[in-house]
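Understanding the architecture of this molecule
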Amino acid sequence: MPPINNSINIAHVLRLCTNSVQRARVILLASLPNRCLLCQQRIEQTGYQQLFPNQVLTGVCQECLAVSLYQHEVCLGCGREIAVLQAYCGKCLQHTPNWVVAPCSYHQGLGPLIAAIKYQQQCAPLNAITQQLACRIELLIKHGIIRRPQVLIPVPLHTNRLRQRGFNQAWLIAKELSLLTNIPVDDSCLIRVVDTSPQTGLAGKQRRKNCHGAFRLLDGMTYQRVALIDDVVTTGTTVDEIARLFSTQFVHVQTWCLARAEAPGLLD
């Protein structure tokens, strides 16, 4: 079932449906009031389409979206609040961890919506949050904090998990980001070769053991700069494991995600 993406015409979505039940679901959802999943208020488009022409805001209203975004600069290494726009806080400067770019914290408003994308196939807010990620990316590129990558690479699912879930949320985010940033997507160079257990609830050491050897890069890598795409980065174990693979071929990696789940106590 293709997710309903209000940036494209509903007739196009209907053409993607493979049976009458899917078509009926699309028509039903398109006819429902466009209300915010957080505050339940009707979503107004006034002002939004000036920022994002030809886009319709769905799933989250402008007010809830605005208050859920970072209200300050954050370290790309750990997510800690910092006073000025720069890559790292003082602590992360000592060991320069992998960059993680996100528009918001998973713990400050949008977490339930992002979880619903993955676990409930509720894709209505995906476009709006991805657009905010694109804005954050362009700001960091403009100020020379990060470099524009050559390609977007969604974190892959194992074929078993993909079959169960029906879609890869990282791929959906990557495709939307590609439209917004004009950076191509490559979903063929990185594969998941181990059907790992879910990372949720695992401690750091368990996460590292769970992900070790779970991914493989195919031969013929020609990129120098890539951006890994995922929905949420928590401890960074998954993306660090992938970045380790790329580093063996001297490829610079950064991670772009919808939200960052910072370590406990970091936001206190």
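Sequence order sets the numbering: in each chain, residues are counted from 1 along the sequence as written. Selection of residues for local features in this predicted model requires a pLDDT of at least 70, selection of side-chain atom pairs for listing and counting requires 80 or more, and totals for whole chains, interfaces and linings are taken over all residues. Note: side-chain values were computed over all heavy atoms of the structure, leaving out hydrogens and water.

1. A look at the nonpolar core
- Only buried residues count toward a nonpolar core. Its members are Ala, Val, Leu, Ile, Met, Phe, Trp, Tyr and Cys residues joined through side-chain atoms within 4.5 Å. Categorising residues by exposure relies on relative accessible area from a 1.4 Å probe, with only protein chains included: less than 20% of the type maximum marks a residue as buried, more than 50% marks it as exposed, and the intermediate range marks it as partly exposed. Core analysis: the biggest nonpolar cluster contains 49 residues, and Ile146, Leu177 and Trp256 have the highest contact counts within it.
- Breaking this core down by element, the ones donating at least two residues are α4 (62-68), β3 (99-101), α5 (106-119), α6 (126-142), α8 (169-181), β7 (225-233) and β8 (252-260).
- We count a stretch as a helix when DSSP gives it H or I for four or more residues in a row; a strand needs E for two or more, and each element gets its number in order from the N terminus. If one sorts the elements of this core by residue count, α6 sits on top with 7 residues.
- When residues no more than four places from it in sequence are discounted, the contact partners of tryptophan 256 are Val101, Leu133, Ile137, Ile146, Pro149, Leu152, Leu177, Ile183, Ala227, Leu228, Ile229 and Asp230. Contact between two residues is taken to exist if any of their heavy atoms lie within 4.5 Å; hydrogens are not considered.

2. A few points about the sheet that holds strand β4 (residues 151-154)
- In space, the 4 strands of this open sheet follow the order β3-β8-β7-β4, with parallel pairing throughout. Where the open sheet ends on each side, the last strands, each with one partner, are β3 and β4. Averaged over all neighbouring strand pairs, the angle between strand axes comes to 35°, with direction disregarded.
- Strands were regarded as paired on the criterion that DSSP finds at least two bridges between them. The pairing of β4 with β7 spans 4 bridges and is parallel. Along β7, the bridge assignment pairs proline 154 with isoleucine 229.
- An axis is simply a line fitted to the C-alpha atoms; with a helix, the fit covers only the stretch in contact. Between two such axes, the angle follows the N-to-C directions and lies from 0 to 180 degrees. Of the strands in this sheet, β3 and β8 are in contact with α6, which crosses β8 at around 140°.
- The strands touched by α8 within the sheet are β4, β7 and β8, with β7 carrying the most contacts at an inclination of about 125°.

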